[in-house]
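Below, each chain spelled out in residue letters.
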Amino acid sequence: MNALTPLSARLERSDGHALVTLARSRGAVRLRDLAQRGSAKAFLPRVEGDVPEVVFLNTSGGLTGGDRLSYRLEVGEGCRATATTQTAERAYAAGAGAARVEVLHEVGRDGWLDWLPQETILFEGAALERETQISLAPGAGCLMVESVVLGRAAMGETLSRLAFRDRRSILRGGKPVVVEPLALDDRALAAAGGAAMLGGARALATLAMVGPGAEDALGPARAALGEAGVEAAASAFDGKLVLRLLAADGWPLRRQVARLLTVLRGRALPRVWQV
Amino acid sequence: MSAALLSLVQWLSPAFPTGAFAYSHGLEWAISEGEVRDAASARRWIADVLAFGAGRTDAILLAHALRGHDPGALSDLARALAPAAERLRETEEQGAAFAATVAALTGRDLPPRPLPVALGQAAAPLGLPVAEVLALMLHAFAANLVSAAVRFVPLGQTEGQATLAALHPRIGEIAAESAEAPLDALGSAALRGDLAAMRHETQEVRIFKT
């Protein structure tokens, strides 16, 4: 199989925007607005309980140079919601320029969002600039996970060319609380085997929780670590919990992330997640 | 030699009471695990932290502080960028001690801030070239880690100095590049360095604060 063929043949740049607004009305969290354009879609599968799930989807089949994609979710005052992506996102060798992805979520007063996108798989030569920003109103909180896989271990791929900038931030009242600007370029990849770098890992994840109770989750989070083949550690400070995870391959990482999410959320994973 | 440069060298010397010797930036964990076990592995660890971790990040923050960027906003950003409790502690405690000492020496009003912001605010009136200030800050950071490695790997004194000297070209490059970099250029890939800082929190025998 050569996943690159259909994309290199695709000359048109994809452009997609999806916006979902959730608000509380008549005692439940309901969809207030849904706008979608181009290759971005969003849907709300029926879920049990009172926490809606929003699933975003990029129908273009992957990201390549010049593509634009944006996902936005507004979670209203006092609402709790989970959002994810339908499948792993793939970034392929760029033609001209970088693919740009913007994920901008807002959580209203006393609301909560679990932003749990599936992993991003980067292929040799990919150029992707992604900005993920979750803005919290007073009393609001969020749980965010981002996983990145460098090539496909099963195919024996080791990446050497990459222009990946993935800035994740969480703001509270407009002030940054978490800023993690992951940057992997050719120079970083050349040094990636270093013990202070990736140590040869191909799959990496960050999990961050901000909001009421975030620091108290340190004990349960540490107790949920230990998946074979995954190196991970947690730290709680300044009203947040942060975890970093590294693995040789995407699967053990996914199992570890799933175990952590189950513990931290106290509920099942989004249905589209297959573990 | 200018009086300004002498002030900066004094502020960044190991004798300046910021307590730098007590912070290992996760290196103590890497040494205890045998990941840093000789001069070559120490040099690589420190070089990567300088180029892809806190070294470059702090250099970019320092450059902005030197140019008069809003210190409150830079401090918020510096705190948000700290990937682990001990890394926040390291930058805040040293920054507070640094600002207090310079304030006492100069009579200036310098509030406690994360270290690169405190240093930038203190050094801005010196009028030194930005890349030069960045290089000296990075050198002090590297020298402190080398000194931890000399004491606890351990390395010979001369071996330690050779390790530091070998980092000079890299320090110059990072300083030159960071002096011109916008805040959008902040980026990190020293993920196991962050893991080391987190794991140090639960390390049973610890001599360093971080």
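Residues numbered from 1 in each chain as written. Chains lettered and ligands numbered in written order. Predicted model: local features only at pLDDT ≥ 70, side-chain atom pairs only at ≥ 80, totals over all residues. Heavy atoms only, no water.

Caption draft 1: Inspection of the overall build of chain A at higher detail. Regarding its fold elements, chain A presents 4 helices and 17 strands. With the C-alpha coordinates of chain A rotated into their principal frame, the extents come out at 50 × 40 × 35 Å. In chain A, which comprises 275 residues, the share counted as buried stands at 56%. In chain A, once contacts between residues fewer than 6 apart in sequence are set aside, the share between residues at least 24 apart is 71%. As displayed, chain A has an accessible area near 11100 Å², and 51% of this comes from carbon and sulfur atoms. Taken as two groups, the 34 positive and 30 negative side-chain charges of chain A have centres that lie 2 Å from each other. (Helix = DSSP H or I, 4+ residues; strand = E, 2+ residues; numbered from the N terminus. Buried < 20%, exposed > 50% of the residue type's maximum accessible area, 1.4 Å probe, protein only. Contact = heavy atoms within 4.5 Å. Areas by Shrake-Rupley, 256 points an atom, 1.4 Å probe, with all protein chains shown as cover. Lys, Arg positive; Asp, Glu negative; His and termini not counted. Charge placed at Lys NZ, Arg CZ, Asp CG, Glu CD.)

Caption draft 2: Expanded view of the packing of helix α8 (residues 130-152) of chain B against helix α9 (residues 157-180) of chain B. Residue and element names in this part refer to chain B. Across the interface, α8 lies against α9 with an axial gap of 8 Å and an inter-helix angle of 150°. One element, α8, and the other, α9, form an angle in the roughly antiparallel class. As α8 packs across α9, the resulting crossing turns out to be right-handed. Taken together, the residues of α9 that come into contact with α8 (itself represented by Val 130, Ala 131, Leu 134, Ala 135, Leu 138, His 139, Ala 142, Ala 143, Val 146 and Val 150) are Gln 157, Gly 160, Thr 163, Leu 164, Leu 167, His 168, Ile 171, Ile 174, Ala 175, Ala 176, Ser 178 and Ala 179. Here the residues of the contact of α8 with α9 are counted per class, giving 16 nonpolar, 6 polar and no charged. (Axes fitted to C-alpha atoms, helices over the stretch in contact; angles between N-to-C directions. Parallel < 35°, antiparallel > 145°, perpendicular 65-115°, else oblique. Left-handed = near helix turned anticlockwise from the far one by under 90°. Nonpolar A, V, L, I, M, F, W, Y, C, P; charged D, E, K, R; others polar.)

Caption draft 3: Broad picture of the packing of helix α4 (residues 54-66) of chain B against α9(B). Residues and elements named next belong to chain B. One can describe the packing of α4 onto α9 by two numbers: an axis separation of 8 Å at closest approach and a directional angle of 45°. By the angle between their axes, α4 is oblique relative to α9. Taken as a pair, α4 and α9 cross one another with a handedness that is right-handed. Note on element contacts: α9 touches α4 through Ile 174, Glu 177, Ser 178 and Ala 179, opposite Arg 56, Ala 59, Ile 60 and Ala 63. Of the residues that constitute the contact of α4 with α9, the class distribution is 5 nonpolar, 1 polar and 2 charged.

Caption draft 4: Quick peek at the confidence of the model for chain B. On average, residues of chain B carry a pLDDT of 97, and 100% of them reach 70 or more. The complex model carries a pTM of 0.96, and its ipTM stands at 0.96. (pLDDT = per-residue confidence, 0-100.)

Caption draft 5: Structural detail: the sheet that holds strand β13 (residues 163-172) of chain A. Taken in spatial order, the 7 strands of this open sheet run β2-β1-β5-β8-β11-β13-β14 (chain A), and their pairing is mixed. Looking at strand neighbours, the two that pair on one side only are β2 (28-38) and β14 (175-185) of chain A, the edges of this open sheet. Going across the sheet, the axis of each strand differs from the next one's by a mean of 5°, ignoring polarity. Two elements, strand β1 (residues 15-25) of chain A and β2(A), share 10 bridges in a ladder whose sense is antiparallel. If you follow Leu19(A) over to β2(A), its bridge partner there is Ala35(A). Lying on the sheet, helix α5 (residues 71-81) of chain B is in contact with β13 and β14 of chain A; it crosses β14(A) at an angle near 60°. (Pairing = 2+ DSSP bridges.)

Caption draft 6: Broad picture of a nonpolar patch on the surface. All names here are of chain A. Where nonpolar side chains cluster on the molecular surface, the patch consists of Leu 31, Leu 34 and Leu 44 and spans about 220 Å² of accessible area. Tracing the backbone shows Leu 31 in strand β2. Residue class for Leu 31 comes out partly exposed when judged on its relative accessible area of 42%. (Patch = residues over 30% accessible without salt bridge, like charges linked within 9 Å, V, L, I, M, F, W, Y side chains within 5 Å. Salt bridge = Lys/Arg side-chain N within 4 Å of Asp/Glu carboxyl O.)

Caption draft 7: Quick peek at the interface of chain A and chain B. Taken residue by residue, the interface counts 36 residues in chain A and 35 residues in chain B. Between chain A and chain B, a total of about 2900 Å² is buried, with carbon and sulfur atoms accounting for 59% of that surface. When the area that chain A buries against chain B is broken down by residue, the three leading residues are Ala196(A), Met197(A) and Arg244(A), summing to 21%. Between chain A and chain B we count 5 salt bridges in total. With a closest N to O distance of 2.7 Å, Arg192(B) and Glu231(A) form a salt bridge. At the surface where chain A touches chain B, the tally comes to 15 residue pairs in polar contact (both at pLDDT 80 or more). Elements that contribute at least two residues to the side of chain A that touches chain B include exactly β13, β14, α2 (186-190), β16 (230-237) and β17 (240-247) of chain A. By residue number, the principal contributor to the side of chain A that touches chain B is β14(A), which donates 9 residues. Of the residues in the side of chain A that touches chain B, the class split is 23 nonpolar, 4 polar and 9 charged. (Buried area = accessible area lost by both parts, 1.4 Å probe. Polar contact = N/O pair within 3.5 Å; in protein donor to acceptor, adjacent residues only side chain to side chain.)

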